[in-house]
Amino acid sequence: MSRLRRLRQGALTAAYSVYYNARDLNYSYGLPTPKSAGGTRFKTYELYSLHGRDALLRELNGRIQCGDVFYDVGANVGIYSCAAASLGAEVVALEPNPAARRKLRKNLDANGFEATVLPFAASDEDGAETLHVSSYPETTSLNRENATVSGGSVVERVEVETRTLDSLLDRLPCPDHVKIDVEGEGDAVLSGSEGMLRRKEPTVYFEPHPQNGGEKEARKLLEEFGYVVEEVGDGWVCDLKPP
């Protein structure tokens, strides 16, 4: 790496550090403020409208109906969860990162939204794995390399429980919409969701994260399960193939 590139990366790392520290302070001591995201409005403790222009979120918001069931897999701080809840959906949010999960609950509570929040990492089998928490929290992943993209570093390792979505169906309502954003581990989530996808046929909103790998395998699995993959912004909207 050249000296100039190192300097740029160092400046970027410092800027992200300042931002995330300010954000954490706002979650601890600040107040939630109204934000716009995908055509919906609700309050969050974020410093700006995270996912404000997200094409995938806008697509979800245009399709979801009051009373629909929405699974937010890799919920992070809950922007998709809040958007769906604001439209009257029943929300099930999976977020294994304890710090992100606390922020998710705070954002839900700020709006009076109810949701089922689960501490599991969705994967291809029930068990336990190490979650690599990144200095850029949005890139936290079960895969250590995926947690270090864009110059981030692993700052904490947390043992978390993994669950397949198929194994959770016995105690959860069947989904109409499933968003999957798990930093390059989406193919594992899909592998553990085959039964649900084949039988319940929800619309899938998928973030492929091509820089993290697994994109081809994820597309292959979706097509094997009978879905048509449509690229929307940086993500995919996947509907069951017409008969």
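Draft legend 1. Just the pattern of salt bridges, in detail. Counted according to the given criterion, the structure contains nine salt bridges. A salt bridge links Arg-63 to Asp-239, with the shortest nitrogen-to-oxygen separation between them at 3.0 Å. Pair noted here: Arg-63 is in helix H2 (residues 55-63) and Asp-239 is in strand E12 (residues 235-240), with a separation of 176 residues, a long-range link. Residue classification places Arg-63 among the partly exposed residues on the basis of a relative accessible area of 27%. With relative accessibility at 25%, the residue Asp-239 sits in the partly exposed group. Each of Arg-23, Glu-46 and Glu-138 takes part in salt bridges that share partners, so that together they form one network.

Draft legend 2. Just empty space enclosed by the protein, in detail. This structure, assessed with the given rule, holds one cavity of 30 Å³ or more. Considered as a void within the structure, the largest cavity measures approximately 40 Å³ in volume. Lining the largest cavity are ten residues, with Gly-184, Gly-186, Asp-187, Phe-206 and Pro-208 positioned closest to its centre. Taken together, the elements giving at least two residues each to the lining of the largest cavity come down to helix H6 (186-191) and helix H8 (215-224). Of the residues belonging to the lining of the largest cavity, the class tally is three nonpolar, four polar and three charged.

Draft legend 3. Spotlight on the nonpolar core. Counting 29 residues, the largest nonpolar core has Tyr-71, Val-73, Leu-165 and Ile-180 as its most contacted members. Excluding residues within four positions of it along the chain, Ile-180 makes contact with Val-73, Gly-186, Val-189, Leu-190, Val-204, Tyr-205, Phe-206 and Glu-207. Judged by nonpolar contacts, the second largest core, of 28 residues, contains Leu-60, Ile-79, Ala-85 and Val-91.

Conventions we followed
- Residues numbered from 1 in each chain as written.
- Predicted model: local features only at pLDDT ≥ 70, side-chain atom pairs only at ≥ 80, totals over all residues.
- Heavy atoms only, no water.
- Salt bridge = Lys/Arg side-chain N within 4 Å of Asp/Glu carboxyl O.
- Helix = DSSP H or I, 4+ residues; strand = E, 2+ residues; numbered from the N terminus.
- Buried < 20%, exposed > 50% of the residue type's maximum accessible area, 1.4 Å probe, protein only.
- 1 Å grid on protein atoms, 1.4 Å probe; cavity = no way out; pocket = protein on both sides within 12 Å on 5 of 7 lines; lining within 4 Å.
- Points joined across faces, edges and corners; volume = space filled by probe spheres on them.
- Nonpolar A, V, L, I, M, F, W, Y, C, P; charged D, E, K, R; others polar.
- Core = buried A, V, L, I, M, F, W, Y, C linked by side-chain atoms within 4.5 Å.
- Contact = heavy atoms within 4.5 Å.

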